[in-house]
Structures are given as C-alpha cells and as structure tokens.
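Survey of secondary and tertiary structure
Okay, here's what each chain looks like letter by letter:
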Amino acid sequence: MKIGIMTLSETECNYGAVLQHYALQEYLRRKGHDPFLIRYKGTVKGINFRNITPAKVFRFIKRKWSENLVHVQDQPRYFTDFKQMYLVQSELEYINYNDLKNNPPEADMYIVGSDQVWNFYNTPLKYCRNHIHAYFLDFGKEQTEKISYAASWDKRYVTNEQLKEIKPLINKFSYVSVREKSGLELCWKCGIMDAEWIPDPTLLLSSDDYRNIYQDKRNSIRKIKEKFLLIYLVLSKYKSFDLAFIYKYAVDKGLKVIYVTEDKINDSYEKYYPTIPEWLYLVAQAEYVVTNSFHGTVFSLIFHKQFGTIPLVGYSSATNKRIESLYELFHIEDRFIYDEDLSILDKNYKTDFCYPENRFENLLKFSGGGIDKRS
C-alpha cells in the first residue's frame, strides 16, 4: 500500500520531529508498505491580536535586544543529509494548501501524525482555515483512506469555531488516534467516540533500531571519551532557573556535561551541536539525561537511562501534559525535576512497557491494530 504521511518535519534543530517520522515510515516499510513524506511547507498565517498584551510586547522587545547583544549562530546539524539518507519524500514540494488540493500526491492512504499537527495556537479561523484543511487531509481522491496516528493538538487553543470547521473533516477518517490522553476529549466533541490514545511513533522501534543508525558506517560520529551527563533543552522559555546546579551535580559525580539545545537559546554555557545520529549516540551513552523535551524524555525511556524532566513554565507549561501522558503509558511515576532537586536522577524505575521484547505487542493492544487492520 502506498501511504503519504503529513507531519511536521521542516526543522534543522528538533531531533524528535524528524525521528518520529522516521520511526513511522520505517515501521510501515517493515509491514510491507510504501510510505513517503508529503513535503508540505504551509503554516498558520496571521497574528492573533486578541492575545497581545503590553507584557508580551515588552518580553518580545527584550528578547530581540538580547539576541542583538549575544549573537547566536545557527549551527549546521545536517538534518537534510539524514532525511535524504533515511526518508522517502514526495517528489513535489507543496508550498500551501492550494498546491495540495489542486495536485495531491498519489496514495492509497494518507496518515496525519505524529507531533503537534493539530495545534492551531488559538488563531482566528480565517488565518488557520487552510492549515486545518491540510492537516485534516482534505485533499486527494475520494477513495483514498485517511487516518491519524498519534496526532497531537493543544487542548487549550482549539476554539469552538475551529472545531466546527474540523468536525466534517475528521469524520471522513477511517481511524483516529491521538498522542495525549487529553486529546480524546476534543475527538469526542467532534463526534469521534472511538478515538484511541496511543504512544508516539518513536516507540514503534526498539533501542537497537536506533543504535543501528549511529552505528551505520555511513555516519561519522564524534565519540565522547569521558563519562558524561547530557542536558537537552528546547524552547527559548525553557527554564526559570540557572543550570549551575546541574553542572555542580555532574562535577560531584565526576562527569563531563554535554549541553545540547535548539538554535537561538542564549546563555553562557558551551553548547554541542550534534547531527541526528550523534544525538541518538549521546542519549544512548549518557550516564544521566536532563531534558525539558517530550522526545528527550521518550528516548531516555527507550534507552532506559537514568533521567529527569524539567517541566516547562509560563506559556508553555500546559505542554507538560504530553509528558504526563507518557509516564502514564509507561506505568511509572513522574520524573519531573522541581526546585533544583536532582535526586530523581538516582531513583530507579521499572516498566513492562519499554522493553523491546514486548513493545510491539503492547503497542498493538493500545492501537487496536489500527494500521494493521487496514493493510
């Protein structure tokens, strides 16, 4: 079966966004299908002026002023090389929804997901209507089957106006699944009562599958000789504290610190800019992982690392629900880091979900065999 996948993969510094697509594509290939990434570049347009406050304007100006004082150079991480080596992509690049509608990719099935493909940021409908229609697969032939696989949307910012636009589109899907438990309620509001809550597609593969990537002889990996603690942070509003206490913890343990961030995070600490295979190597080889990232947490679990998750604060705090859902799926207590207390890093955990020998069986139980049912 030829399967076109709509997801968010236009990034040069978000490792999880690319790896979640790689995992789904690889899983489908192993099932005998012919999956490919639909190269779509459309985004939500416009500014929601209702959300602008003087405080937000001040923070914006302050951030821009800071960026001018501390020039942050985007570092090459060669994501394009990884995509060309490991992903099958559509021949055409679709710049906007009209391109998709007028010249849709040929496929027997379209899948939307994973990642935050259904997050429309409380944007007025006139600015996000095309984005909604693209990511609810309103294109292609009538007989092309449509499903979602672990699609994620931010419950805070889906308006009733948006739901009214979404409802007739999602009801054309043969199968609907979401990545966060909180997403089920929005599906129910759209009349999809049998929507399922399933894990992120990165969990469709085992730790050995990911080790094969950084052990692939085609990839040049910078090895770290010393034992190290990995810090992996995303988002510019990633913390309400200095990182000094993490560095002190590492020194006390006799560990080097490897600090990886997305582009344009400004602080005084030395940063490391790995390729995707190198990033997998770092997570797999780290003694400890400290992260505020959903996928940083996922891969810590996949490689069964001692880790702690820094909860996001302020505007981004609601996205901690993604990680809470993940802990619930893995049947472990949360491993959030509060008040600069790193004791969670030395606390062991057990789960019957993350071991390679029974992961696939458990995933199929959660998904109801959603993809396999339609193969």
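As shown above, the structure is provided for reference.
We now turn to the structure provided with this report.

Thresholds applied
Residues numbered from 1 in each chain as written. Predicted model: local features only at pLDDT ≥ 70, side-chain atom pairs only at ≥ 80, totals over all residues. Heavy atoms only, no water. Helix = DSSP H or I, 4+ residues; strand = E, 2+ residues; numbered from the N terminus. Pairing = 2+ DSSP bridges. Axes fitted to C-alpha atoms, helices over the stretch in contact; angles between N-to-C directions. Contact = heavy atoms within 4.5 Å. Buried < 20%, exposed > 50% of the residue type's maximum accessible area, 1.4 Å probe, protein only.

It is generally the case that most residues other than glycine have a negative phi and that most peptide bonds are trans. The omega torsion of the bond from Gly-113 to Ser-114 falls at 0°, within 30 degrees of zero and hence cis. Counting through the fold element by element, Ser-114 comes out in the loop between β4 (109–112) and α5 (125–135). One non-glycine residue with positive phi stands out, namely Asp-339, at about 55°.

Our next topic: the sheet that holds strand β1 (residues 2–6). An order of β3-β2-β1-β4-β5 is seen for the five strands of this open sheet, with the pairing classed as parallel. Two strands close off the open sheet at either side, each with one partner strand: β3 (89–94) and β5 (145–148). Here the strands of the sheet are splayed against their neighbours by 25° on average, with no regard to which way each runs. When β1 meets β4, the two strands line up parallel, connected through four bridges. Residue pairing across strands places Gly-4 opposite Tyr-110, the latter belonging to β4. Against the sheet, helix α1 (residues 15–30) touches β1, β2 (34–40) and β4, its axis set at about 150° to β2. Across the face of the sheet, α5 comes into contact with β1, β2 and β4 while running at roughly 175° to β2.

Let's shift gears to the pairing of strand β9 (residues 256–261). Buried residues dominate β9, accounting for five of its six residues. Here strand β8 (residues 228–233) runs beside β9; their pairing, made up of six bridges, is parallel. Following the sheet pairing, Leu-229 is matched in β9 by Val-257.

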